There are 2 protein chains.
Amino acid sequence: MRLTAFTDVSLRILLTLATIERDTPTTREVAEAVAVPYTHAAKAVARLGELGLVHARRGRGGGLRLTAEGREASVGWIVRELEGPGDVVGCEGDPPCPLNGDCVLRGALARAKEAFMSSLDPVTIEGLAAPRKASAGRVPLQLTRR
Amino acid sequence: MRLTAFTDVSLRILLTLATIERDTPTTREVAEAVAVPYTHAAKAVARLGELGLVHARRGRGGGLRLTAEGREASVGWIVRELEGPGDVVGCEGDPPCPLNGDCVLRGALARAKEAFMSSLDPVTIEGLAAPRKASAGRVPLQLTRR
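Calculation criteria
Residues numbered from 1 in each chain as written. Chains lettered and ligands numbered in written order. Predicted model: local features only at pLDDT ≥ 70, side-chain atom pairs only at ≥ 80, totals over all residues. Heavy atoms only, no water. UniProt positions renumbered as here; feature names shortened; annotations may be inferred. Helix = DSSP H or I, 4+ residues; strand = E, 2+ residues; numbered from the N terminus. Buried < 20%, exposed > 50% of the residue type's maximum accessible area, 1.4 Å probe, protein only. Contact = heavy atoms within 4.5 Å. Areas by Shrake-Rupley, 256 points an atom, 1.4 Å probe, with all protein chains shown as cover. Least-squares fit on C-alpha atoms with pLDDT ≥ 70 in both. Buried area = accessible area lost by both parts, 1.4 Å probe. Salt bridge = Lys/Arg side-chain N within 4 Å of Asp/Glu carboxyl O. Polar contact = N/O pair within 3.5 Å; in protein donor to acceptor, adjacent residues only side chain to side chain. Nonpolar A, V, L, I, M, F, W, Y, C, P; charged D, E, K, R; others polar. Pairing = 2+ DSSP bridges.

An unreviewed UniProt entry lists chain A under the name RrF2 family transcriptional regulator, with Salininema proteolyticum as the source organism. According to its UniProt record, chain A has this under Cofactor (unreviewed entry): "[2Fe-2S] cluster".

**Q** Outline the overall build of chain A, supporting the account with residue identities and numerical values.
**A** Each helix and strand in chain A was counted, giving seven helices and two strands. Helices and strands appear in chain A in the N-to-C order α-α-α-β-β-α-α-α-α. Across the 146 residues that make up chain A, the buried fraction comes to 49%. If you take every contact in chain A between residues at least 6 apart in sequence, the share linking residues at least 24 apart comes to 71%. Only carbon and sulfur atoms are counted for the fraction: they give 53% of the accessible area of chain A, which is about 7,200 Å².

**Q** An account of the relation of the copies chain B and chain A is requested, with residue identities and associated values reported.
**A** Take chain B, turn it by 180°, move it 0.0 Å along the axis, and it overlays chain A with an RMSD of 0.0 Å. On the angle and the small slide along the axis, the relation comes out as a two-fold axis. Minimal C-alpha separation from the rotation axis in chain B is found for Phe 116 of chain B, amounting to 2.5 Å. A high fraction, 100%, of the interface residues of chain B reappear at the interface in chain A, so the copies pair face to face through one surface.

**Q** Tell me about the interface of chain B and chain A, and name the residues and values.
**A** Note: interface size is frequently given as the accessible area lost on complex formation between the parts. Contacts between the two partners involve 45 residues from chain B and, on the opposite side, 45 residues from chain A. In total, about 4,100 Å² of surface goes out of reach between chain B and chain A, with carbon and sulfur atoms giving 69% of it. Considering only the side of chain B, the residues that lose the most area to chain A are Met 1, Leu 99 and Asp 102 of chain B, jointly responsible for 20% of the buried surface there. The tally of links from chain B across to chain A stands at zero salt bridges. In this structure, the connection of chain B to chain A is made through nine residue pairs in polar contact (both at pLDDT 80 or more). Secondary-structure elements contributing two or more residues to the side of chain B that touches chain A are helix 1 (5–19), helix 5 (75–83), helix 6 (104–120) and helix 7 (125–134) of chain B. Here the element with the most residues in the side of chain B that touches chain A is helix 6 of chain B; it accounts for twelve residues. Of the residues that constitute the side of chain B that touches chain A, the class distribution is 30 nonpolar, five polar and ten charged.

**Q** Residue-level account of the pairing of strand 2 (residues 63–66) of chain A, with values.
**A** Residue and element names in this part refer to chain A. With four bridges joining them, strand 1 (residues 54–57) and strand 2 adopt antiparallel strand pairing. When the bridges of strand 2 are listed, Arg 57 appears paired with Gly 63. The loop that links strand 1 with its antiparallel partner strand 2 comprises five residues; one of these, Gly 59, has a positive phi angle of about 85°.

**Q** Describe the pattern of salt bridges, and please don't skip the residues or the numbers.
**A** Residue and element names in this part refer to chain A. Evaluation of the coordinates by the stated rule reveals 14 salt bridges over all chains. With a closest N to O distance of 2.7 Å, Arg 106 and Asp 87 form a salt bridge. You can see Arg 106 sitting in helix 6 (residues 104–120) and its partner Asp 87 sitting in the loop between helix 5 (75–83) and helix 6, a full 19 residues away along the chain. Among the residues examined, Arg 106 registers a relative accessible area of 24% and is labelled partly exposed. According to the relative accessible area criterion, Asp 87 is partly exposed, its value standing at 23%.

**Q** Describe the environment of Val 30 of chain B, with residues and values.
**A** All names here are of chain B. Following the sequence through the fold, Val 30 ends up in helix 2 (residues 27–33). By relative accessible area, Val 30 is classed as buried at 1%. Separated by 54 residues in sequence, Val 30 and Gly 84 have C-alpha atoms that sit 25 Å apart.

**Q** Before we move on, could you go through unusual backbone geometry and cite the residues and values that matter?
**A** Backbone geometry at Ala 35 of chain A places phi at a positive 60°, although glycine is not the residue there. The partly exposed category is assigned to Ala 35 of chain A, whose relative accessible area is 27%.

Here it is as structure tokens:
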């Protein structure tokens, strides 16, 4: 059971930006800090920008920062947006599942997915970052402008 | 957010066997009925046998049938067994996530995964099959011995 790689990368970026709030790293720096390819990070940053969670300022002195909305956003809401409404199994795959017509399991799995998301609703990016900021002295992750 | 293809195939097989309880189809027949490659179905049947959910009788007149345990088993338990204990994101990937050392998100995602599984705990294979059996007249799925 896995979230998409896209959600994974997006959450890493949000968590990183939440921890280093006084800095405005570039997408390339963030990509290196969370150990993902630059192109993946750039796509995630674009989507996080569309969702209003990250602001990217171009040019010299520019960089990425979390918006106030991004700081307060619910992780449940973010993961719902990034994952979309699809099934957790391949009901509509190619070929589609022949049981699909009157499959009671599909509804049970949809409710289970909702239980997953609901569990993340009270969690905010800011809340997740707080313990990391408090222990910043022992955090190996460094974002340094070169 | 997806369960593995292996879990998907396994659930399709269990649901099919639960619906056609008076028949003992072969693995090949079940594979065709749920529209998955034979080799995938065979691996899933082997694992479902190990878990005590499916009994496979070899030879002429043999075939697959759900065991009493398989009929009463909780879908939450089955999905936990098939999915294993891994993270829903790539914390331990290659390369591992640099945030991993003190990531609070990892615990939140583990609790969300547990909420997903718990939601499936009261669901049984037999309970899922009951509405399908009741509407068997309009179910397009047919398992016919050739």
